[in-house]
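# Examining the three-dimensional arrangement
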Amino acid sequence: MKLVKLAVIASVVVLTGCASSGNSSKNYSSSNGQQKDVWERIRKGLKMPDLQDDRVEYWTNYYAARPASVQIMAQRSSKYIHYITQELERRNMPTELALLPFVESAYNAKAVSSAKAAGLWQFIPSTGTHYNLTQDWWKDERRDPVQSTHAALNYLSYLHGFQDNDWHLALASYNWGEGAVKRARERNASTGLGTDYLSLKMPKETRDYVPKLQAFENIIRNPARYGIKLPHVPDQPYFEKVSNTHDIDLDVAARLAEISVEEFRELNPSFQRSVLLGEHASQILLPKHKVTAFKRNLKNYQGELSAWEGYTPAPGESLASIADKHGISLDKLKSLNGYGSKQSVALSSRTLMVPRNSGASAGITPNDIMAPAINTAAPAMLASNDNVARPSAMSPTVPARASAPVPSAVYTKKPDVAAALAARNIDPLVDIINSGNNASLTAGVRAVPVAASKAAIPATVSRPAVYTRPAVAAVAQTPAKPAVRTASLTKPAPKAEAKKKVSAHKVVKGDTLYSLAKRYNTSVQDLKALNNMSNTDLKPGASLRIPGAGSRG
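So, here's what we can say about the structure. Nothing here was measured: the structure is a model prediction, and the numbers come from that model.

The rules behind each value
Residues numbered from 1 in each chain as written. Predicted model: local features only at pLDDT ≥ 70, side-chain atom pairs only at ≥ 80, totals over all residues. Heavy atoms only, no water. Helix = DSSP H or I, 4+ residues; strand = E, 2+ residues; numbered from the N terminus. Contact = heavy atoms within 4.5 Å. Areas by Shrake-Rupley, 256 points an atom, 1.4 Å probe, with all protein chains shown as cover. Phe/Tyr/Trp six-rings, centres within 6.5 Å; stacked < 30°, edge-to-face > 60°. Lys NZ or Arg CZ within 6 Å of the ring centre and 35° of its normal. Axes fitted to C-alpha atoms, helices over the stretch in contact; angles between N-to-C directions. Parallel < 35°, antiparallel > 145°, perpendicular 65-115°, else oblique. Left-handed = near helix turned anticlockwise from the far one by under 90°. Core = buried A, V, L, I, M, F, W, Y, C linked by side-chain atoms within 4.5 Å. Buried < 20%, exposed > 50% of the residue type's maximum accessible area, 1.4 Å probe, protein only. Salt bridge = Lys/Arg side-chain N within 4 Å of Asp/Glu carboxyl O.

What follows deals with the overall build of the protein chain. Counting its regular elements, the protein chain contains 21 helices and ten strands. When contacts within the protein chain are restricted to residue pairs at least 6 apart in sequence, long-range pairs at least 24 apart make up 74% of them. Approximately 25900 Å² of the protein chain is accessible, and the part contributed by carbon and sulfur atoms is 54%.

Our next topic: the packing of aromatic side chains. Summed over the entire model, instances satisfying the criterion amount to 14 aromatic pairs. An aromatic cluster is defined as three or more aromatic residues linked by ring pairs; in this entry it consists of Y58, W59, Y62, Y63, F102, Y107 and F216. Against the face of Y197 rests R207, its NZ or CZ located 5.5 Å from the ring centre.

It is worth spelling out the environment of K182 at this point. Within the secondary structure, K182 is located in helix 10 (residues 178-190). On a C-alpha basis, the gap between K182 and T195 in space is 9.3 Å, while along the polypeptide they are 13 residues apart.

The next thing to look at is the packing of helix 8 (residues 145-162) against helix 9 (residues 167-176). The angle between the axes and the distance between the axes are what describe a pair of packed helices. The interhelical angle for the contact between helix 8 and helix 9, taken along N-to-C directions, is 125°, at an axis separation of 8 Å. Relative to helix 9, helix 8 is oriented oblique. Between helix 8 and helix 9 lies a crossing of right-handed hand. For the pair helix 8 and helix 9, contact is made by A152, Y155, L156, L159 and H160 and by W167, A170, L171, S173 and Y174, respectively.

Turning our attention to the side chain of R185. For R185, the location among the structural elements is in helix 10. Apart from residues no more than four positions distant in its own chain, R185 is found in contact with Q163, D164, L169, T195 and L200.

Where a protein is soluble and globular, its nonpolar side chains tend to be buried together. In this structure, W39, L100, W121, L156, L171 and Y174 are the most contacted members of the largest nonpolar core, which totals 68 residues. If one sorts the elements of this core by residue count, helix 8 sits on top with eight residues.

Here the focus is the pattern of salt bridges. Across all of its chains, the model carries 16 salt bridges by this definition. Across the pair R221 and D50 runs a salt bridge whose closest N-O atoms are separated by 2.9 Å. With a gap of 171 residues between them, R221 in helix 11 (residues 204-221) and D50 in the loop between helix 2 (38-44) and strand 1 (51-52) connect regions that are remote in the sequence. Considered together, R221 and D50 belong to a single accessibility category, that of buried residues. Here E87 and R90 are joined by a salt bridge, their closest N and O atoms 2.8 Å apart. Of this pair, E87 and R90 are both found in helix 5 (residues 81-90), three residues apart, which corresponds to roughly one turn of the helix. Each member of the salt-bridge network shares a partner with another, and the members are R41, E89 and D235.

Interpretation note: all reported values are geometric properties and have no functional meaning in isolation.
Rendered as structure tokens:
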């Protein structure tokens, strides 16, 4: 009898092994949640109810008719989208939000709008400051893929709670302002109209905002249906953080990592200068498979890593004396460090960049050390320090400067259209990056019918019910409003009914979060979240932002 039992058990084991290995050598359902690619990972985490509206159909057809542009944008995302998706999963947020940078910036980490919104998530300066994104002469963390993602997800999470856990309204708030959306809901409620996304009167950009995201979701969910082939993006981290404690030129760091300067800047677009100072203890992002080479080459490097060094001025120290001390002309010192011609005293709060030795200053121009200007309509040109004297002391294991290798990146093949567009300095999705130009760029564009294929959309997860326009709907006409900038936290034009709203409160003695929450019809939790407070202490004279005031900056 025991022999029979053993035979049965052995048969089950054999059959189980055959079943698990019959289709592929890879098991994408392993305990670590590994998927065949990042797109499948995103599909597994879709949680928002689908939005069904004529604008969704229009934008889905619009992007489906431009497969090369979608491929280019998806190629751009390959360095960042896995990290963003992981962060969303960690916070239990819908993975649709990993597609939002397609709408915001066309996944261009260096994108800057005319409203000075920057980075993947298009933060304007004031909102970036509020969410602790450093913006100074040395760096702009609104362009940092890691820091800006943390800030954006914090902000979206707050908006989700503020708008009664409705993601469509949270996204409208990200684009238009939480106060503007709240007032629009209150107006509709007062007249018996619906208070959902599709029922509200809003600017055209905001009306199109969620449909654009839904359009990208439709394409990502089933690209074959729309005749689009997405690039393969592995379901694994692309980059790794590395701490830097050296003064090092960016081009040297790129060579030590055995990657191109262009790729280094794509991963580290927040750095405003072409040199990193060790005293800033910056974290740099490098391709994960190049970290070991970088550390090895850095250890073996024999000479100076930078032609520059930092100098912290003493309080009241003159720029002239600093220039004389470092063997550089006063005008050149000013221009290299962003000082005006009339400024004579150095700011003790800001480290200056000076030549490491007096001989390095010959022939230096400001462009030699400044990060390249970003233009949303053309690829950024890379600055160079080639004319700066530097000892040639690279270890034999590190490639020589003149032959800095372009990395054998995982995703190097791009559609031919990409080269043609780059040669013409045209961004294929400039209408998304610079959303104020949508009307002119889409004028005369026909909605192309969806491909005739009736292939069923894979039911990978249980999806919420499809969200359609309610029976009671607001008038479709959009009232004339000022131009709205993507993710800018600008306050809409004041209306008579909104004049009593306040955007900030100056704390006076005796104020508490509870009393202010009661006064402004909000909650202590929302006040703390909006003001990034870890405790309930209030300091008299401080300015406190009030939820629902519409002041997103």
